[in-house]
Amino acid sequence: MKILANDGIARTGIDALEKEGFEVLTVKVAQEQLQNYINENEVAALLVRSATEVRKNLIDNCPSLRLIGRGGVGMDNIDVAYAKEKGLHVINTPAASSESVAELVFAHLFGGVRYLYDANRNMPLEGDSRFKQLKKSYGSGTELRGKTLGIIGFGRIGQATAKVALGVGMKVIYFDPFMEKTSVTLSFFDGQQIAFDLESRSKEQVLKDSDFITLHVPAQKEYVIGKKEFGLMKEGIGIVNAARGGVLDEVALIDALEKGKVSFAGLDVFESEPNPEIRILMHPNISLTPHIGAATGEAQDRIGIELATQITDLLKKN
């Protein structure tokens, strides 16, 4: 059976699939050519990340397809319910990239409280001529330790982010309508563990009480954070979105940044991705990354292995 990994797959995943007798195709096929390619090659499984879309028309016109796999968590680029209705297996890898996304969130947070996003822009340009002035400009940073991190959405990635926060010495509060109570366990290098029992608060309470906010929710029909929500937050809050473009109102964000309500934002995802708005890209108080939350070697290895295991179980063992 042929498997098309249209958005790529780690070598570990390819090796695991080939060991089970699958033929893995890693050519990148343009969206408009995808239907023809799948049919000409009788592809049984299509693997995607966030770039390739798998909509009803593709599902209807590719009779050889038996499985659609998403290397990652969110599946808003796949018509999941329709695919299942048509008898296709639809899989993702919810556990594989949690730690990588959590670490990126903290890269934005650490960079935000010490102005690294702006210092790294200005030091190459003015570091030799305005060193003392830049030192003064960036010399009023704050520590994360002792501050409150509010997490909107407390699934695997939200919990992984909480673990980093607790390790840093932050207080963690969260809002999740589907997770009333949970226990988060920190595991250390020497085998020691510490468990923290946490309980969901109201969204309003999290917004009011947090020094920093991070979003970990799937794609929504409406904004999770908009003008109203910014109004509830503390003055000078920092916010990070490494979840999905469109859960954060970027127009309201710019307004909140301009008014000083938000001190900085860290964005890995964007409303108009893959063409972020120029006001977002050029804003001096936004830390930017190009949707790389799961883009670590370790995460991609785990994703590849997890996909290979599920595909083998579903297409060969059943």
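Please refer to the structure higher up on the page.
For the structure given in this document, a descriptive report is provided here. (Residues numbered from 1 in each chain as written. Predicted model: local features only at pLDDT ≥ 70, side-chain atom pairs only at ≥ 80, totals over all residues. Heavy atoms only, no water.)

**Structural notes on the pairing of strand β10 (residues 212-215)**
Then step 1. Of the two faces of β10, both are covered, the one formed by F212 and T214 as well as the one formed by I213 and L215.
Then step 2. Bridging between strand β6 (residues 148-152) and β10 involves four bridges; their strand directions are parallel. Within β10, the position partnered with I152 by the bridge is L215.
Then step 3. Alignment of β10 against strand β11 (residues 237-241), held across four bridges, turns out to be parallel. (Buried < 20%, exposed > 50% of the residue type's maximum accessible area, 1.4 Å probe, protein only. Helix = DSSP H or I, 4+ residues; strand = E, 2+ residues; numbered from the N terminus. Pairing = 2+ DSSP bridges.)

**Overview of a nonpolar patch on the surface**
Then step 1. On the surface, a cluster of nonpolar side chains totalling about 370 Å² of accessible area is made up of F188, F189 and I194.
Then step 2. Along the chain, F188 turns up in the loop between β8 (181-187) and β9 (193-199). (Patch = residues over 30% accessible without salt bridge, like charges linked within 9 Å, V, L, I, M, F, W, Y side chains within 5 Å. Areas by Shrake-Rupley, 256 points an atom, 1.4 Å probe, with all protein chains shown as cover. Salt bridge = Lys/Arg side-chain N within 4 Å of Asp/Glu carboxyl O.)

**So, the pairing of strand β7 (residues 171-175)**
Every regular strand shows the same layout, with side chains that alternate between the two sheet faces.
Then step 1. Examined bridge by bridge, β6 and β7 share five bridges and lie parallel to one another. Residue pairing in the sheet places L149 in a bridge with V172 of β7.
Then step 2. The β-α-β motif built from β6, the intervening helix α8 (residues 156-168) and the parallel element β7 has right-handed crossover chirality. (Right-handed = clockwise from strand over helix to strand, strands pointing away.)

**With respect to the pattern of salt bridges**
Then step 1. Counted by the stated rule, this structure contains 13 salt bridges.
Then step 2. The partner of R11 in a salt bridge is E18, with the nearest N and O atoms 3.5 Å apart.
Then step 3. R130 serves as the salt-bridge partner of E126, at 2.9 Å between the closest nitrogen and oxygen.
Then step 4. By relative accessible area, which is 31% here, R130 ends up partly exposed.

So, to be careful, I would describe these as geometric facts and stop short of saying anything about function.
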